[in-house]
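# Residue-level structural notes
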Amino acid sequence: MSVPEGVLARETASRRTFAIISHPDAGKTTLTERLLLYGGAIHLAGAVRAKRNQRHTTSDWMELERQRGISINTTVLQFNYDSTRINLLDTPGHEDFSEDTYRTLTAADAAVMLIDAAKGVEARTRKLFEVTRLRGLPTFTFINKLDRPGRDPLELIDEVEQVLGIRCSPMTWPIGMGDEFRGVYDRMANEVLLYDKSSAAAGRRLAPVAVGGLDDPRLHTLLSCDERVYQRLRSELELLTIAGEPLDLKRVLAGQLTPVHCGSALSGFGVEPFLKDLLRLAPAPPPRPSSSGTIAPTADFFSAFVFKLQANMDPQHRDRVAFLRVCSGHFERNMRVLHVRSGRDLRLARPLQFFGQDRVVVDEAWPGDILGVVDTSDTLRIGDTLTDGAALEFEAVPAFAPEYFGRTRIVDPLRRKALRKGLEHLAEEGVVQLYRPRERGEFDPIIGAVGALQFDVLQSRLKNEYGVDVQIDRLAYQQARWAVGPAFDPSFFAAREDSQCLIDRDGL
Ligand code: G4P
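## Observations regarding helix 2 (residues 28-38)
In terms of residue burial, helix 2 counts as a mostly covered element, since ten of its eleven residues are buried. After helix 2 finishes, the residue Gly-40 shows a positive phi value of roughly 75°.

## Here's the deal with the pattern of salt bridges
Inspection of every chain in the model, using the stated rule, returns 24 salt bridges. Close ionic contact of Arg-167 with Glu-161 constitutes a salt bridge, the shortest N to O distance being 3.4 Å. Assessed through its relative accessible area of 37%, Arg-167 is described here as partly exposed. Of the residues examined, Glu-161 reaches a relative accessible area of 16% and is grouped as buried. A salt bridge links Asp-363 to Arg-333; the shortest N-O distance between them is 3.6 Å. In this pair, Asp-363 sits in the loop between strand 20 (358-361) and strand 21 (364-365) while Arg-333 sits in the loop between strand 16 (331-332) and strand 17 (335-339), placing the two residues 30 residues apart along the sequence.

## Observations regarding the packing of aromatic side chains
For any pair of aromatic rings, the description rests on two quantities: the centre-to-centre distance and the angle between the ring planes. What the rule picks out here adds up to seven aromatic pairs. Between Phe-181 and Phe-269 the ring centres are 5.5 Å apart and the planes differ by 90°, which places this aromatic pair in the edge-to-face class. Of this pair, Phe-181 sits in the loop between strand 7 (172-175) and strand 8 (183-186) while Phe-269 sits in the loop between strand 11 (257-262) and helix 12 (271-281), and the two are 88 residues apart along the sequence. Plain terms: the ring middles of Phe-307 and Phe-323 are 6.3 Å apart, the flat faces sit at 50° to each other, and that makes the pair tilted. Here the residue Phe-307 occupies a position in strand 14 (residues 303-311), and Phe-323 occupies one in strand 15 (residues 320-328), the gap between them amounting to 16 residues. Residue classification places Phe-307 among the buried positions, given a relative accessible area of 1%. Looking at Phe-323, the relative accessible area reads 2%, which means it is buried.

## Details of the sheet that holds strand 10 (residues 209-210)
Strand pairing in a sheet is mediated by backbone hydrogen bonds. Such pairs are either parallel or antiparallel. Strand order in the open sheet formed by four strands is 7-8-9-10, and the pairing between neighbours is antiparallel. Of all strands in the sheet, those bounded by a partner on one side alone are strand 7 and strand 10. Examined bridge by bridge, strand 7 and strand 8 share four bridges and lie antiparallel to one another. Bridge pairing in strand 8 links Pro-174 to Val-184.

## A closer look at the site of the ligand
Asp-25, Lys-28, Thr-29, Thr-30 and Asp-147 are the nearest of the 16 residues found near the ligand. In isolation the ligand exposes 710 Å². Once the protein is present, 71% of that is buried. When residues of the shell around the ligand are assigned to their parent elements, the largest contribution, three residues, is made by helix 2. Looking at the shell around the ligand residue by residue, the classes come out as four nonpolar, six polar and six charged.

## Overview of the confidence of the model for the protein chain
When the pLDDT values of the protein chain are averaged, the result is 81; 81% of them are 70 or greater. Under a pLDDT of 50 for its full length, residues 68-72 has, in the predicted model, 15 contacts with residues more than four places off or in other chains. Here residues 481-508 is modelled with pLDDT under 50, and outside its nearest four sequence neighbours on either side it reaches 74 contacts, counting other chains as well.

## Some details on unusual backbone geometry
Backbone geometry places Asp-25, a non-glycine residue, at a positive phi of 80°. Within the secondary structure layout, Asp-25 lies in the loop between strand 1 (15-22) and helix 2. The backbone of Asn-334 shows a phi angle near 75°, a positive value even though the residue is not glycine. With respect to the helices and strands, Asn-334 occurs in the loop between strand 16 and strand 17. You can call Asn-334 partly exposed: its relative accessible area is 39%.

## A look at helix 7 (residues 153-164)
For helix 7, spanning twelve residues, the distance from its first C-alpha to its last is 16 Å, which sits close to the expected 16 Å at 1.5 Å a residue. Along helix 7, the positions that sit buried rather than exposed are Pro-153, Leu-156, Ile-157, Glu-159, Val-160, Glu-161 and Leu-164. Between the side-chain oxygen at the start of helix 7 and the backbone nitrogen of Leu-154 there is a gap of 2.9 Å, and the oxygen is on Asp-152. Two residues or fewer past helix 7, Gly-165 is found with a positive phi of approximately 70°.

## Description of the side chain of His-425
Relative to the helices and strands, His-425 is located in helix 13 (residues 416-429). His-425 gets classed as buried once you look at its relative accessible area, which sits at 14%. For His-425, the side chain forms a polar contact with the side chain of Tyr-466, separated by 3.1 Å. The contacts of His-425, once residues within four sequence positions are left out, are Arg-320, Asp-378 and Tyr-466.

## Quick notes on the pairing of strand 24 (residues 404-410)
Of all seven residues making up strand 24, five are buried, and the element is well covered by its neighbours. Of the pairings in the sheet, the one linking strand 24 to strand 26 (residues 446-449) comprises four bridges and is antiparallel in character. Each residue of the ladder has a partner; that of Phe-405, found in strand 26, is Gly-448.

Cut-off values and rules
- Residues numbered from 1 in each chain as written.
- Predicted model: local features only at pLDDT ≥ 70, side-chain atom pairs only at ≥ 80, totals over all residues.
- Heavy atoms only, no water.
- Buried < 20%, exposed > 50% of the residue type's maximum accessible area, 1.4 Å probe, protein only.
- Helix = DSSP H or I, 4+ residues; strand = E, 2+ residues; numbered from the N terminus.
- Salt bridge = Lys/Arg side-chain N within 4 Å of Asp/Glu carboxyl O.
- Phe/Tyr/Trp six-rings, centres within 6.5 Å; stacked < 30°, edge-to-face > 60°.
- Pairing = 2+ DSSP bridges.
- Near = heavy atom within 4 Å.
- Areas by Shrake-Rupley, 256 points an atom, 1.4 Å probe, with all protein chains shown as cover.
- Nonpolar A, V, L, I, M, F, W, Y, C, P; charged D, E, K, R; others polar.
- pLDDT = per-residue confidence, 0-100.
- Contact = heavy atoms within 4.5 Å.
- Expected span 1.5 Å × (residues − 1).
- Polar contact = N/O pair within 3.5 Å; in protein donor to acceptor, adjacent residues only side chain to side chain.

In structure tokens:
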């Protein structure tokens, strides 16, 4: 159904959809929580963590998360800040869940890169950044934990530029660090944001103070810090003025330049200016390439693609949810859409939006939004396109070359049927990649994964959700010889059913 002129453009312009990428422990959960606090979505620091713990007690398959103290599951969070609707795709930091994280990035229009000031660019950040670069995603950097002793900020900037190959444009700059942390200097507004430990601990923020630039005598008084910290700030800011990269929105949007903010997510310091700049500079949902050319978000038809499938999210709801990223048009509840791959019509009767594990049924959605639909008939696959316009397909969600292989061996052969069902569902979700042995017949299926922990998740979910005990024997990489390699083909997920994805059994 068409919407009044201008409404679609307005709704699109007011949306930002981004994902946070970081190495585990850099502070992603803490930053997310702060963003939600500013958005009024939660009222208490610690609420996300509390929810995470609560979830552990209500969801059996996430038991593994609790045991390992890691976050496996990607969460979608939606909240408002000022007049912007934010879709925040939370990605698991653990390296073994990189496939899920990579796929999630296909649904984002921008990435927030979080860096621990003491550790710099860590391995996981580097890997994830490769994906954001591949997609040309604009990236916004937050250097975190300045309240702790950290590395020289100029050195950190240099490391981001050298290691990741993206230029940095510092928006705010730290004044001291660790015990000497005084706050940040906002280079764009010529303002000083003062950090005061006791105010931060009490959840209060001091108002920014405008100064007339580096030569303003008030700056020295304001900082009330020792001469060394002040002189250092001066020389660093002078250096940035001469040699630093100016902010160039075009280059930011092209993923060539990253605006850099500094702060402390734990005390909420520097987070709000970061959020404001992020919303100001990050793109609204852009046009997306498809088999029928580029589709503008304001096109007069609804279109979306599936970027994630998740079954059994909650024991109360033993169902399979497909996560859709809306690319164009206006979505309304009960809409009939074309499932392009099968050519079938689907009615989307219970579209869901999420706050972590909580789900609410929504009546409408706009470009940039993330929707969950309950897929009762197991129709949807990762990468599928849904539309109420002409049959088009969005660019495939990439499949990733497995780095680990294993052979599943069933403990009770009578459960073979359940094993097949479980493996098929979980492979569709992307928990592992599934291969048939070269020879026909009831051979033990071969599985592949980007991260070894995916095997543990598979084992645990097969047991808890499908009642099947399996043993997984690791196969050396050389043992898994591909006769043909559709696993590396981007359309793998769609093609899997009919593919001849074979393992040379002689080599096992
Ligand atoms: P993650 O999701 O990226 O894995 O990181 P998370 O937010 O869980 O943060 C990892 C640890 O770093 C947590 O401490 C958290 O409190 C701390 N942290 C995050 N931001 C800051 C910051 O700005 N300053 C300081 N000093 N610490 C920060 P933890 O002891 O591992 O967990 P918890 O006991 O605080 O829950």
